[in-house]
Amino acid sequence: MAGFLSDLVQYRKLLLMIMVLGIGGTHLSGFQISVMNYASPYIQKFINETWLERYGSVLHQETLMLLWSFIVSMYCVGGMIGCLCSGYLTAKYGKKKCLLFNDVVLIVATLHTGFSRRAKSFEMILIGRFLEGIGAGIHMNAHIQYAGEISPKKFRGFVNVTSSVFLALGKAVARILGLRDLLGTEDMWNVLLSFSGLVALIQLLFLPFFPESPSYLLLQKGDKAGCLKAMKQLWGEGNYHTEFDDMMKEKAVTKGTKIMNVLEVLKEPSVYPQLSTMLLLLLSLQLCGLSAITFYTSEIFQTANLQESIIPYVSLGVAISELISIIFCSSIIDRFGRRILLWGGYSLMALILVLLETSLLLSDKFLWMRYCSVILIFLFIIAYGIGPAGAVASVMNEIFTLSTRSSAFVIGGIVIWLGLTFTGMIFPFAVMLLGPFCFLIFIAVLVISAVLIYLFLPETKGKSTSEITEEFKTRRFKKKCHQTVEKNATEEKTFCTKLVQYRGLFQIITVLGIGGTFQIGFQVSTITYVSQHVKAFINETWLERYGYPIHHDNLLFLWSITVSIFGIGGLLGSSGSRYLTVKYGKKKCLLCNNLLMIAAASIMGCSKIAQSFEMILIGRFMCGVSAGLCVPLHHQYVGEISPRKLRGFANSTSSFFWSLGKAVGQISGQRELLGSQSLWPMLMASCGLPALVQLVTLPFFPESPPYLLMHKGDQEGCKKAIRQLWGEGHHQAEIDDIMKEKATMKNTKILSVLELMKERAFRWQLYMIVILTATVQLCGINAIYFYTFEVLQTAGFDERIISYMTLCVGLSELVATVVCSSIIERLGRKVLVRGGYWIMGSLLAGITVTLSLQDWYFWMPYCSLCLIILFVVVFGVGPAGATVSIRSEIFKLSCRPPAFVIGSVVNWLGVFVIGTTFPFIVERLKHFCFLIFMGVLFTSGIIIHLFLPETKGKSIMEITEEFNKLNFKKKRVPATLNHVTEDYTFCTRLVQFRGLFQMILVLGIGGSFPYGFHISVINYPSVHIRKFINETWIERHGAPLHAETIMLLWSFIVSVYGIGGFLGSLCCGYLTTKYRKKKCQMCTNVIMLVAALFMAFSKTAKSFEMILVGRFLYGIGTGFSLNIHPQYVGEISPKKLRGFTNSTVAVFLTLGKLTGQVIGLREILGSEALWPWLLASSGLSALVQLVTLPFFPDSPSYLLIQKGNEEACRKAIRKLWGEGDHQAEIDDITKEKVAMTSTKTLRVLEVIKERSLRWQLYILMTVMTTLQLCGINAIYFYSFEVFHTAKFEEYLIPYVSLGVGLCECLSSILCSTLIDRFGRKVLLWGGYTLMCSVLALLTMTLSLQHQFFWMHYFSVILIFLFVIFYGIGPSGATISIMVEIFSQSFRPSAFLIVGCINWMGLFVLGMIFPLIVDNLGPFCFLIFLGILALSAIFIYLYLPETKGKSIMEIKAEFNKLNFGKKETSVTENNFPKEQLFCTKL
């Protein structure tokens, strides 16, 4: 292979020709673009002097500016015209002749500009600029094509990049010559402008000595000899058969093909991918931020304290950097390829712009940031030059064949010149309004372009034109093909041809959208902009009618009614949508709905003229009814008219039109348009325009094909509608799917809402629609829009700019929904929804942190703004579009209308509730309200991940089959919809086991619920009780109590509860054995009611001793109930639900804690007047249980084993578990009974001595001790301190603590759903391990919280995580283990031991814990950490899994530990009778 030096000799003529083409090609464009900046003041002065000399008066400044802008823009106009002509001229006369002719035009142009000063005619400058523009339009296209065609394959990248090199060289030369030391003076400006003529003259003299391009001679002229001669002349002597063969292949492919004109290229589907690539590259080149960088260069140099005289030279350095980097690009492009330079360059430029924006924002805070900005500008220019600047030209030249290249470059040229014009017009305003934030637009463009190039652009390095074309074909065509009518060959369709084939579908989607979800988006956003004007109008009208202004509160009430009545109307409209669509069809309903919307718009539009604010109320109500009706109709209609492969795209358009409506509303609501005081009625009435458009156009489109076939039975009408919407083609598969759905729905009417809710076959579909709709309402998008204004104000944005910035947020959502519609068929619905929820949840966590810190660091508001925009984008890309698609796809036609009624009712109720409660939530919690939405998002994401099947590419019947696996799990799926067999699923268990669930509820509210309630509630009235004790003592004895005595009495009130609980636990075992659990629990309720009466009347009786007695009785009651509840629940549950029912003990315990925290708030019962009722309120739960428990039976195992009443046992099972085959469960109880024959219930000491229970007791003591010593009490103790140090306001801390309690409650509920899936053992040791890790981190963050302020927020997060892990793991699984490892005869005594450990642990921990905290501080967690680690290891090694096993099976597992290889008894007390051999541990 020849070296680089030998290549210089061999290809010397090629290099000379490149130089000749460059100096008369793109060099001139670069020169003209930058040279005008240097001549501008002199030309403006010349125009003014000429005008004064002609007319004797000075030009007005605005007229002078207009003339100057006309001179500048005339170059672009000429460039556009030249570009349009270049395709025809190069095809007809060849590129060489065109360039020579173009040189003559440029020389004429420079003569005009050069002699304009002498002729005292500024019109000559205009003509010269126009001619120069024409020349630039021609030579930019001709140069790039010519250079690409004369180069061999191995140098093609290098040669193509030279066009960018000469463009940068032109800019640099203009900046050099424009210096005041050279030609940039008042005397020489006309010479400066004429310099381009010299360059054109050089090309005119030298270009005739070089040949036409070899490919042009061979392909267009058919001159093989001329082609070979040109090759030898340009490339020297050598073997060029490979290059010649490539040209011959291209000629064979394009045989008989003429060079296409622009319209022919635009119509040619095979060129669409190449055209799309070219447009992407050119637009990204225009919008990459180079203009903004150039604009900011001088400003940055000035703020960096550079002298005014030096700045032009530094700017020249920037231009030279661009030139050198492009030259460097030309040397590496054939090594690295085009693709990597493009996407790598774009990515690097985006990163630099992010850093540059940061440095510009911080330049006033830190002096050195200005110098960072200077460095980043140079880096950006270098990245631009090495990457896109050179590679774009190369790719454009290589991806087109000779027959399409000329016209493609015409299209590209038009894009360039239009881009220059619009960028020049819009960019100054963007900079003025957004400041350095204008870079966000360019960053987005660069990132999107990098992703698209990485995904879709094939590498062109070292490939012939034919090979590159084949690459585009493989990326363009689909794998499937179909037979055409005219040809017996396979044909593959592209996305572009679908635009033609499915044009009817796309048209109706547009018509449905503008009269559908567009309306609700428009209404939601416009009401914000008219609020002040409408309030003023109401006040004025009231004053005119009654002679006095309306009261402010009444005005606010009327305004809130005006806003909320839209939601009420929407609720009514959506409720009636099912009946109307079934009776009249969707098309007729939409047409009538448009009349309603037009009437509403007319009423609101005339309200100001009629001086009636009531008309606004009526109009808003009618708009709500119309919106409520059109939204479900739109979703259903769009879902039914789309083919399976485009269904996701079609469904997601509804969210696009929703976002478009918001954006149009925000734009129309600007003060400059319709948001002014005089035009607000027109803004409110403008909703009638989309309705009118739909009313006029919708009649030309058909009803949906499924409706015509399934409801009307019109098969011919269905086929005709399909042809009209989907074009000609083979659509039999779609018709077959509709026929299958019709067959399954034979004799099936459209269900009503109640029928659908009762239908088992759609249970999970309804769950999904409710979850998805509720999550969209509770995802925090409304809160985000609410906080946007505050964030922008904190960031220091001008008040008038904020509305435009908010509009940008709305536009971001709009663009995101467009992206969603383009990717939903690729990624699927489930991924977008689940991933969207989780990313949004993470972003909300980030927003909460940044909003908390925005007063600490000035740059935090900018982070908040970025996170807000990201949140809106993720919402648009994910849930906003995919939710609508899922809702349309998971229901059959017979149940779709009522399903959408349910979804719409949930939606409108959500709108109403959020609108009512959200202001109060924000007022109370501030930005911490996002934590609620974060919890909703993560929970919904988990549910979607676990239960939602993917619907992408599946028919309705296939999706129904997927859901049947959930609706009829492990059972036979019913043959028809309305005749469901008696197989039961998880969902139908709610009906079958309703007696069990009712009893669980009754046991819970009087069982572990009071225990949790009294643990948390006592903290809230502590101040009031101590004050009451002191006041009572003063009244009795005339002197106040000493503070230490008050403290002693208070601690006795708190601890006497533990003493009572301990006594209750001791008595419980004996009493439950003697009198059964049901009677004992009812007696417990009486004790709790007596205690509640003591508490309630303590203040009236002025006796704090009654509080002591009440707390003691509460302790006895909870001691009883906490032992009885787990045993009772464990004995009434079937094996398959045992884990779930046992874990409800923990659920009710945490629910009690949460209830105590809620009603203990100052706003409810935590005030000084109501604290006795707060302490007495737990009597209510005891009363409920006392009244309801007699209606439920004793446990089946108690009735059979203890009482020996098999009939009562069966009756209890039927009452609790419903009708069915429960023989297996009865057999297990019978086996347990046989094993316990002649066995009495053991006392505590007998249980402790019994060897067969040794390991059960070890496990019991381990899990109970760990539950006490896991650190949960320490966490709750430290939470208040952490919230204080995290700068939470005092009144907010109870609410945040309430959030901690809510997390524990929700995680306990989650545990109850997971425990029968993952088992008890995994939840225990896994929970211990995770809690151990969190405690380690929490110890570290608490230790460092005074060194780093942000450590407080990590501590808050870790507290929430610890509580969640506690709730999901040990909290629920511990109770389940305790119930399952003991049989009936041992359980009372075992639970007595549990109760003693629990209450002693509470008492001891309550005494010791303050001392531990006082001495060890946050390092006290290390003790709990060690306990958790040891317990996790012990549980992992020794606890057998109890999931799905009977009591006897679990006993057999433990016998392996208790007896090893020794013999074990079958009986429980006298085990020498029959022996079993077990393996030793």
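Predicted model only: the values in this text are computed from it and were never measured. (Residues numbered from 1 in each chain as written. Predicted model: local features only at pLDDT ≥ 70, side-chain atom pairs only at ≥ 80, totals over all residues. Heavy atoms only, no water.)

Each helix and strand counted, the chain has 66 helices and 4 strands in total. Counting over 1481 residues, the chain shows a buried share of 57%. Counting only contacts in the chain whose residues sit at least 6 apart along the sequence, the fraction spanning at least 24 positions is 81%. Summed over its atoms, the accessible surface of the chain is roughly 62100 Å², and 68% of this surface lies on carbon and sulfur atoms. (Helix = DSSP H or I, 4+ residues; strand = E, 2+ residues; numbered from the N terminus. Buried < 20%, exposed > 50% of the residue type's maximum accessible area, 1.4 Å probe, protein only. Contact = heavy atoms within 4.5 Å. Areas by Shrake-Rupley, 256 points an atom, 1.4 Å probe, with all protein chains shown as cover.)

In this structure the tally under the stated criterion is 9 salt bridges. In this structure, Glu614 engages Arg545 in a salt bridge whose closest nitrogen and oxygen atoms are separated by 2.8 Å. Of this pair, Glu614 sits in helix α29 (residues 614–641) while Arg545 sits in helix α25 (residues 531–546), placing them 69 residues apart in sequence. (Salt bridge = Lys/Arg side-chain N within 4 Å of Asp/Glu carboxyl O.)

Moving on: the nonpolar core. Soluble, globular proteins show a tendency: their nonpolar side chains are buried together. Core analysis: the biggest nonpolar cluster contains 61 residues, and Leu505, Ile508, Leu512, Val534, Ile641 and Met684 have the highest contact counts within it. Here the element with the most residues in this core is α29; it accounts for 11 residues. When sequence neighbours within four positions are dropped, the list of residues in contact with Leu512 reads Leu590, His634, Tyr637, Val638, Ile641, Gln694 and Leu698. Cys329, Val415, Ala450 and Ile453 belong to the second-largest nonpolar core, a separate cluster that totals 59 residues. (Core = buried A, V, L, I, M, F, W, Y, C linked by side-chain atoms within 4.5 Å.)

As a further point, take the packing of helix α26 (residues 552–584) against helix α27 (residues 586–605). A packed helix pair is summarised by two numbers, namely the angle formed by the two axes and the spacing between the axes. α27 packs onto α26 with a crossing angle of 120° between their chain directions and a minimal axis gap of 7 Å. Here α26 is positioned oblique relative to α27, judged by the angle of their axes. Judged by residue contacts, Leu580, Thr581 and Tyr584 of α26 engage Lys586, Lys588 and Cys589 from α27. Here the residues of the contact of α26 with α27 sort into 3 nonpolar, 1 polar and 2 charged. (Axes fitted to C-alpha atoms, helices over the stretch in contact; angles between N-to-C directions. Parallel < 35°, antiparallel > 145°, perpendicular 65-115°, else oblique. Nonpolar A, V, L, I, M, F, W, Y, C, P; charged D, E, K, R; others polar.)

Taken together, the side chains of Val447, Ile448, Val451, Leu452, Tyr454, Leu455 and Phe456 define a hydrophobic patch exposed on the protein surface, amounting to about 600 Å² of accessible area. Mapping Val447 onto the fold places it in helix α20 (residues 439–456). Overall, Val447 belongs to the partly exposed group, its relative accessible area being 42%. (Patch = residues over 30% accessible without salt bridge, like charges linked within 9 Å, V, L, I, M, F, W, Y side chains within 5 Å.)

With that out of the way, let us pick up the packing of aromatic side chains. Across all of its chains, the model carries 17 aromatic pairs by this definition. An angle of 50° between the planes, with centres 5.4 Å apart, marks the rings of Phe46 and Trp189 as tilted. Placement of Phe46 in helix α3 (residues 26–55) and of Trp189 in helix α9 (residues 189–206) is noted, with a sequence separation of 143 residues between them. Judged on exposure class, the residue Phe46 and its partner Trp189 are both buried. An aromatic cluster of three or more residues is present, and its members are Trp1255, Tyr1258, Phe1434 and Tyr1438. A cation over a ring is seen here: Arg339 above Tyr454, with NZ or CZ 5.1 Å from the ring centre. (Phe/Tyr/Trp six-rings, centres within 6.5 Å; stacked < 30°, edge-to-face > 60°. Lys NZ or Arg CZ within 6 Å of the ring centre and 35° of its normal.)

This paragraph deals with the packing of helix α14 (residues 272–286) against α20. At a minimum axis distance of 10 Å, the contact between α14 and α20 shows a crossing angle of 155°. The angle between α14 and α20 falls in the class roughly antiparallel. Where α14 crosses over α20, the two elements pack in a sense that is left-handed. Across the interface between the two elements, Leu280, Leu281 and Ser284 from α14 touch Val445, Ser449, Leu452 and Ile453 from α20. (Left-handed = near helix turned anticlockwise from the far one by under 90°.)

It is worth spelling out the side chain of Arg1111 at this point. Position of Arg1111 relative to the elements: it lies in helix α51 (residues 1104–1132). For the buried Arg1111, which has no salt bridge, the nearest side chain bearing the opposite charge is Glu1105, at an N-O separation of 15 Å. Within the structure, Arg1111 has its side chain in polar contact with the backbone oxygen of Ile1053 (distance 3.2 Å). Beyond its immediate chain neighbours, meaning those up to four positions away, Arg1111 contacts His1014, Ile1018, Ile1053, Val1054, Val1056, Tyr1057 and Met1095. (Lys, Arg positive; Asp, Glu negative; His and termini not counted. Polar contact = N/O pair within 3.5 Å; in protein donor to acceptor, adjacent residues only side chain to side chain.)

Turning to the environment of Gly1271, a few remarks are in order. Following the sequence through the fold, Gly1271 ends up in the loop between α59 (1254–1268) and α60 (1272–1285). We classify Gly1271 as buried; its relative accessible area is 2%. Sequence separation of Gly1271 and Phe1424 is 153 residues, and the distance between their C-alpha atoms is 5.5 Å. Residues in contact with Gly1271, not counting those within four places in the same chain, are Phe1362 and Phe1424.

Summarising the element assignment, Cys1270 is placed in the loop between α59 and α60. For the pair formed by Cys1270 and Phe1421, sequence separation is 151 residues and the distance between their alpha carbons is 8.9 Å. If we ignore the near neighbours within four places in the chain, the residues touching Cys1270 are Met1331, Leu1335, Phe1362, Tyr1366, Phe1424 and Leu1428.

For the structure on display, the rule yields 0 disulfides. Of all cysteine sulfurs in the structure, the one in Cys623 sits closest to Cys687, which takes part in no disulfide; the separation is 4.0 Å. Distance from the sulfur of Cys1080, which forms no disulfide, to the nearest cysteine sulfur (Cys1083) is 6.4 Å. (Disulfide = S-S within 2.5 Å.)

To continue, consider unusual backbone geometry. With the exception of glycine, most residues fall at negative phi, and the peptide bonds are largely trans. Backbone geometry at Lys120 places phi at a positive 50°, although glycine is not the residue there. Counting through the fold element by element, Lys120 comes out in the loop between α6 (116–119) and α7 (122–150).

A few words now on α59. Along its 15 residues, α59 runs 21 Å from first to last C-alpha, staying within 8% of the 21 Å computed at 1.5 Å per residue. Across the 15 residues of α59, 11 count as buried, placing the element largely inside the fold. Along α59, the residues classified as buried are Trp1255, Gln1256, Leu1257, Ile1259, Leu1260, Thr1262, Val1263, Met1264, Thr1266, Leu1267 and Gln1268. (Expected span 1.5 Å × (residues − 1).)

Attention shifts here to the environment of Glu132. Tracing the chain through its elements places Glu132 in helix α7. On the basis of relative accessibility, which here comes to 2%, the residue Glu132 falls in the buried class. In sequence terms Glu132 and Gly197 are 65 residues apart; their C-alpha atoms lie 9.6 Å from each other. With residues up to four places along the chain from it excluded, the contact list for Glu132 reads Gln32, Tyr75, Leu106, Ala109, Thr110, Thr113, Leu193 and Ser196. There is a polar contact of 3.2 Å between the side chain of Glu132 and the side chain of Gln32.

Averaged over every residue, the pLDDT of the chain is 76; residues scoring 70 or more account for 81%. Every residue in residues 1463–1481 scores below 50 in pLDDT, and together they form 47 contacts with partners more than four places removed in sequence or on other chains. (pLDDT = per-residue confidence, 0-100.)

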